[in-house]
Amino acid sequence: MEGQFRKSRKDADEFLGLLPGEMAEWSGVLVGDSEEGRRAEALLDLHVQWLDRFGRGTNFLGALCERSDVVAATCIGLASLPGAGEVTYDLCIVDEASKATATEVLVPMARAKRWVFVGDSKQLPPFEDEVHRDPALRRRFEIEAKEATESLFERLRRLLPPGCQRMLKKQYRMVPAIGRLISECFYDGEVESAVRTPDARLTSVTGKSVTWVTTRYLDDRQEKREEESFVNSAEVDRILHLLGEFEEAIDDPDDPDEKVSVQLLSGYSAQVRLLKRSIDHSQRSFPHLEVECSTIDTVQGREADVVIFSVTRSNEIEKAGFLREFARINVALSRAREALVIVGDDEFVRRVPGAEPLRRVLLHLEQFPEECALQAFDPPGHGKGVRR
């Protein structure tokens, strides 16, 4: 209705911004004294009454929650609605429960008779409060270090009897090649994958659903420090080339509006910023790609058709940084639905102490060559810009 109104009047925004009473007065002037006009005026008057009594008041949302069978909200958002705190629910289902703090989860739990927590202890835990990292405060309130950092989800998983726990052992997000890598490297092979065929257009770019493209032969492969973070411009340049290849692979004249989601990930915020700037300033355009650049900590629970993970770290002092963290690497690599590409210095990962999560991935790639590939930028015996 607003769209139609804007098409018919140049001053529509002025009227749409009026208070309900003013809007009703103007309607009488503009509509006129006709049967159709009187009907329109009555409808508008009803609309004004609704806005005044319910639509713009938060109290109405509390009443709406009480009369609804299903209410979806964030843990804290539920408590912010006036009146919602008086509603008792039969069942509370908390998704991504392993990422929530105990104080967050207790808010909806207090309003429900039964609870179901859905989460993953092998992915990222809640952000640790500053107070929990203060040894003096922990001593003062007799809080053990493990108790301060353990999520309520993990505590219940550890203490509840087996009859109150279930493991979901079949995943449907990832194609089998990616699912097998995640299962073998992070879940002791316990997770099965639903059978489905990968998108041949996407796998045509790298040849396999899972591909590590190493930068070991590039002279500029090493990281550089940027403030408290790190960047790796060699990886950014090669990721732009890969985006161009994915764009060409899915460019179909018969379906010009098709979009493929691509998630570019790094454990380092400076690398993510460099990726964003480089894409914005690039001469290339990717009309068929919905590209998003993110740090690992912000993507848990999300997914994309293609995930390109920038390893970022490569140095002579053998510092692995975030590469040593199983949960972060697990989250990063398990976002992909159709194609997973890892860009980074595999030689560095193989030798540096602490990079065990990605070393497992490299070993898996070598064990399953029929569905995984290890390629290289500028390999010996080939010209610049070649990937083999």
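This text follows the structure it describes.
Please read all numbers here as calculations on a predicted model, not as lab measurements.

### A few points about the nonpolar core
Within the largest apolar cluster, 39 residues are counted, with the highest numbers of intra-cluster contacts made by Trp212, Phe309, Leu333, Leu358 and Val361. For this core, the secondary structure elements donating two or more residues are α11 (176–186), β5 (210–214), β10 (304–310), α15 (326–333), β11 (336–344), α16 (346–351) and α17 (356–367). Per-element accounting of this core gives the leading share, six residues, to α11. Beyond its immediate sequence surroundings of up to four residues, Phe309 is in contact with Leu265, Ser266, Gly267, Ile296, Ile329, Ala332, Leu333, Val341, Ile342, Val343 and Leu358. Val213, Val236, Val341 and Phe377 belong to the second-largest nonpolar core, a separate cluster that totals 30 residues.

### What about the environment of Glu356?
Its location among the elements puts Glu356 in helix α17. Relative accessible area serves as the criterion here: at 33%, Glu356 is assigned to the partly exposed category. Spatially, the C-alpha atoms of Glu356 and Arg324 are 6.2 Å apart, while their sequence positions differ by 32 residues.

### A short note on the pairing of β10
When you tally the buried positions in β10, you get seven out of seven residues, the bulk of the element. Taken together, the four bridges between strand β8 (residues 260–266) and β10 define a ladder with parallel strand orientation. Counted as the bridge partner of Val262 is Val306 from β10. In this sheet, β11 lies alongside β10 in parallel orientation, the contact comprising six bridges. Within β11, the position partnered with Val306 by the bridge is Ala339. Between β10 and its parallel partner β11, the chain crosses via α15, and the hand of that crossover is right-handed.

### Observations concerning the sheet that holds strand β12 (residues 372–376)
Reading across from one edge, β9-β8-β10-β11-β5-β12 is the order of the six strands in this open sheet, with parallel pairing throughout. Edge positions in the open sheet fall to β9 (289–295) and β12, since each of these has one partner strand only. Neighbour-to-neighbour, the strand axes of this sheet turn through a mean angle of 20°, independent of strand direction. Judged from the five bridges that link them, β5 and β11 form a sheet pairing that is parallel. Bridge pairing links Thr211 to Val341 in β11. Against the sheet, helix α13 (residues 233–250) touches β8, β9, β10 and β11, its axis set at about 160° to β10.

Calculation rules
Residues numbered from 1 in each chain as written. Predicted model: local features only at pLDDT ≥ 70, side-chain atom pairs only at ≥ 80, totals over all residues. Heavy atoms only, no water. Core = buried A, V, L, I, M, F, W, Y, C linked by side-chain atoms within 4.5 Å. Buried < 20%, exposed > 50% of the residue type's maximum accessible area, 1.4 Å probe, protein only. Helix = DSSP H or I, 4+ residues; strand = E, 2+ residues; numbered from the N terminus. Contact = heavy atoms within 4.5 Å. Pairing = 2+ DSSP bridges. Right-handed = clockwise from strand over helix to strand, strands pointing away. Axes fitted to C-alpha atoms, helices over the stretch in contact; angles between N-to-C directions.

These figures come from the coordinates and say nothing about function on their own.
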